[in-house]
2 protein chains.
Amino acid sequence: MPKFVSEFPIFSVTVDLVVLTIRDGVFSVLVIRRGEKPYAGRLALPGGFTQEREDIEDAAYRELKEEAGIGKGDVHLEQLQTFGAPRRDPRSRVVSVAWLALGADLPDPVAGSDAAAAEFRPVDEVLGSASPLAFDHADILSVGVERARSKLEYTGAAANYCPPEFTVGELRSVYEAVWGVELDPANFHRKVTRAEGFLSETGENTTRGGGRPAKLFRGSPRARLNPPILRD
Amino acid sequence: MPKFVSEFPIFSVTVDLVVLTIRDGVFSVLVIRRGEKPYAGRLALPGGFTQEREDIEDAAYRELKEEAGIGKGDVHLEQLQTFGAPRRDPRSRVVSVAWLALGADLPDPVAGSDAAAAEFRPVDEVLGSASPLAFDHADILSVGVERARSKLEYTGAAANYCPPEFTVGELRSVYEAVWGVELDPANFHRKVTRAEGFLSETGENTTRGGGRPAKLFRGSPRARLNPPILRD
DNA sequence: CATCTTATCGTCATCTTGACAATTGTCACC
DNA sequence: GGTGACAATTGTCAAGATGACGATAAGATG
């Protein structure tokens, strides 16, 4: 039932979402189980078609809400990369704008909605080829994960994985989960507390997590970290 | 004469190019003078429509050739960002994938071709609002310039602006032109020659540029510079 | 109270950086 | 041939950042 006509080549534009968070200390990504062809039954990244008069960024937020029940204030969203190989979707010519969403404590998608089939899985498990993702979503995920990892080096992006107020130890555990390494607590503490404009003290303490009470901080996710914290 | 039909919303996909180089020590961008509406007579970034069965990266290379006479081996090309606001093109719904191209000594576009109206202009002049660029091309250029500047910090991208073999002084002048700063020659020399995997000596010397003969190096544009060279 | 756990501080050797002086090869010119 | 001019390259030194690791602090738990 064709409804649209054009004198130029026709493209569809979709958005695909790489939604990353840390669940129980494990760096995890939101995936859905596809119900329809092509790739029915396979895991895929959430996403969908951009509408006629919709900004692509709005489309990303809309899909985030529809497919994962995640609202605008719950995540940091940034554009990742656009994937436009001619055959990436067997049905028609589809160009996909991929987005990276980083969040803390994202709610489990609600059953009964579109999001029923959505769940968080460990990044390493999804990238390990046990059951490969649909379309070129494995490529998209790889790009997203690498971007997420490198953002920790030179920005305050780690705060996106934390609640609004967090301890230095919680922040360190973000680095450890995302990079898959262990960091020296004392040196990490010195580094981040001295970095200009990175953390601001709230004046409060907390004992969640046990041990000596820790100061609570607020982060500046957009801050540039200078000098950076480098991976090996 | 509509030729294409679809049951999904119709988008056109274009590529726009931010082509950067250094001309006479000035950080410069390739712009064209538009001949047609909309924005006839205004400066714009080179670009054009992606074809039906064409990879968007191939479209970027094709436009580079058609509009600027620049071949695949002449530049480093990487995807920049996609711009998809609903009204960014007054004619129809156009999503543009912007690309960043970095090159050394790019040839002056050849008169008589599509590229007749193309020329390099200083980045600062084009961004200074004397005659604003068409569409949202000023935004695209800003994003491209910022990406280009930050890539110098933590990669070997500066080598893309140099001939295949270059001196440390030539490399330094790239940083100075792109960042608009002056760097201490001695410290810069120490930094880049000691960075692992960044420069490789050719064994040759040159006296172009005057002064004491300088060693020639080859660069590794993809190398990660660790630790980075930081701007202020 | 003893012990466990995590936070936070201190120390020290090493590495990197910025500032700047000193030395080195070639070229142009007298 | 001698003399500057010029940019490349090397050295030096103090200040700052980093990694390794020991020491102390402050609650929770039994």
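Use the structure listed above.
These lines cover the structure that appears in this document, whether it is placed above or below. Only a predicted model underlies this, so the values are computations on that prediction, with no experimental measurement involved.

Turning our attention to the protein's contact with DNA strand D. Within the structure, DNA strand D sits among 20 residues, and Asn-187, Arg-190 and Lys-191 of chain A together with Gly-211 and Lys-215 of chain B are positioned closest to it. Backbone atoms, meaning sugar and phosphate, make up 57% of the atoms of DNA strand D lying within 4 Å of the protein. Among the secondary structure elements, those contributing two or more residues to the surface near DNA strand D are helix H5 (185–194) of chain A together with helix H4 (168–179), helix H5 (185–194) and strand S10 (214–219) of chain B. Residues that form the surface near DNA strand D fall into these classes: 6 nonpolar, 6 polar and 8 charged.

Ranked by size, the top nonpolar core spans 52 residues in total, and within it Val-19, Leu-64 and Trp-99 of chain A together with Val-19, Leu-64 and Trp-99 of chain B carry the most contacts. When residues no more than four places from it in sequence are discounted, the contact partners of Trp-99 of chain B are Val-15, Asp-16, Leu-17, Val-18, Ile-56, Glu-57, Ala-60, Leu-77, Glu-78, Gln-79 and Leu-80 of chain B.

A separate point is the interface of chain A and chain B. Facing the 39 residues of chain A at the interface are 39 residues of chain B. When residues of chain A are sorted by the area they lose upon contact with chain B, Phe-4, Ile-10 and Phe-11 of chain A head the list and together hold 17% of the total. On inspection of chain A and its partner chain B, the count reaches 2 salt bridges. In this structure, Glu-153 of chain A engages Arg-224 of chain B in a salt bridge whose closest nitrogen and oxygen atoms are separated by 2.6 Å. Our enumeration of links across chain A and chain B arrives at 10 residue pairs in polar contact (both at pLDDT 80 or more). Of all the secondary-structure elements, those providing two or more residues to the side of chain A that touches chain B are strand S1 (4–6), strand S2 (12–23), strand S6 (75–83), strand S7 (94–103) and helix H3 (137–154) of chain A. No other element matches the 4 residues that S6 of chain A contributes to the side of chain A that touches chain B. Residue composition of the side of chain A that touches chain B, by class: 20 nonpolar, 9 polar and 10 charged.

After a rotation of 180° and a shift along the axis of 0.0 Å, chain A superposes on chain B with an RMSD of 0.1 Å. The transformation just described matches what one would write down for a two-fold rotation axis. Closest to the rotation axis within chain A is the C-alpha of Val-5 of chain A, separated from it by 2.0 Å. Here 100% of the contact residues of chain A are again contact residues in chain B; the copies associate through an equivalent surface.

Lining the immediate environment of DNA strand C, one finds 21 residues, of which Ala-186 of chain A together with Arg-190, Lys-191, Gly-211 and Arg-212 of chain B sit closest. Counted by atom, the contact set of DNA strand C within 4 Å of the protein is 55% sugar and phosphate. Separating a phosphate oxygen of DNA strand C from a side-chain N or O atom of Arg-172 of chain A is a distance of 3.1 Å. The contact in question runs from a base oxygen of DNA strand C to an N or O atom on the backbone of Arg-212 of chain A, over 2.9 Å. Contributing elements (two or more residues each) for the surface near DNA strand C: helix H4 (168–179), H5 and strand S10 (214–219) of chain A together with H5 of chain B. When residues of the surface near DNA strand C are assigned to their parent elements, the largest contribution, 4 residues, is made by H5 of chain B. Here the surface near DNA strand C is built from residues that sort into 6 nonpolar, 7 polar and 8 charged.

How each quantity is defined
- The numbering scheme is per chain: residues are counted from 1 as the chain's sequence reads.
- Chains and ligands are labelled sequentially in the order written, the chains with letters from A and the ligands with numbers from 1.
- Residue-level local features of this predicted model are given only where pLDDT is at least 70; pairs of side-chain atoms are given and counted only at 80 or more, and the full residue set underlies all totals for whole chains, interfaces and linings.
- Think of the side-chain values as coming from all heavy atoms in the structure, minus any hydrogens and water.
- By convention in this text, a residue qualifies as near a molecule or strand provided that one of its non-hydrogen atoms is within 4 Å of it.
- Runs of H or I in DSSP of at least four residues are treated as helices and runs of E of at least two as strands, each being numbered from the N terminus.
- Ten residue types, Ala, Val, Leu, Ile, Met, Phe, Trp, Tyr, Cys and Pro, are classed as nonpolar, four, Asp, Glu, Lys and Arg, as charged, and the remainder, Gly among them, as polar.
- Throughout, nonpolar core names a set of buried Ala, Val, Leu, Ile, Met, Phe, Trp, Tyr and Cys residues whose side chains join them through atoms within 4.5 Å.
- Buried, partly exposed and exposed residues are distinguished by accessible area as a fraction of the type maximum, computed with a 1.4 Å probe on protein chains only: under 20%, between the cut-offs, and over 50%, respectively.
- The criterion used for residue contact is that any of the two residues' heavy atoms lie within 4.5 Å.
- Buried area counts how much accessible surface, traced with a 1.4 Å probe, disappears from two parts once they are put together, with both parts' losses summed.
- When a carboxyl oxygen of Asp or Glu lies within 4 Å of a side-chain nitrogen of Lys or Arg, that pair is called a salt bridge.
- N or O atoms within 3.5 Å of each other form a polar contact, as long as, within protein, one can give a hydrogen and the other can take it, and as long as residues adjacent in sequence are counted only when both atoms are side-chain atoms.
- Here the copies are matched by least squares. The fit uses the C-alpha atoms of residues with pLDDT of at least 70 in both.

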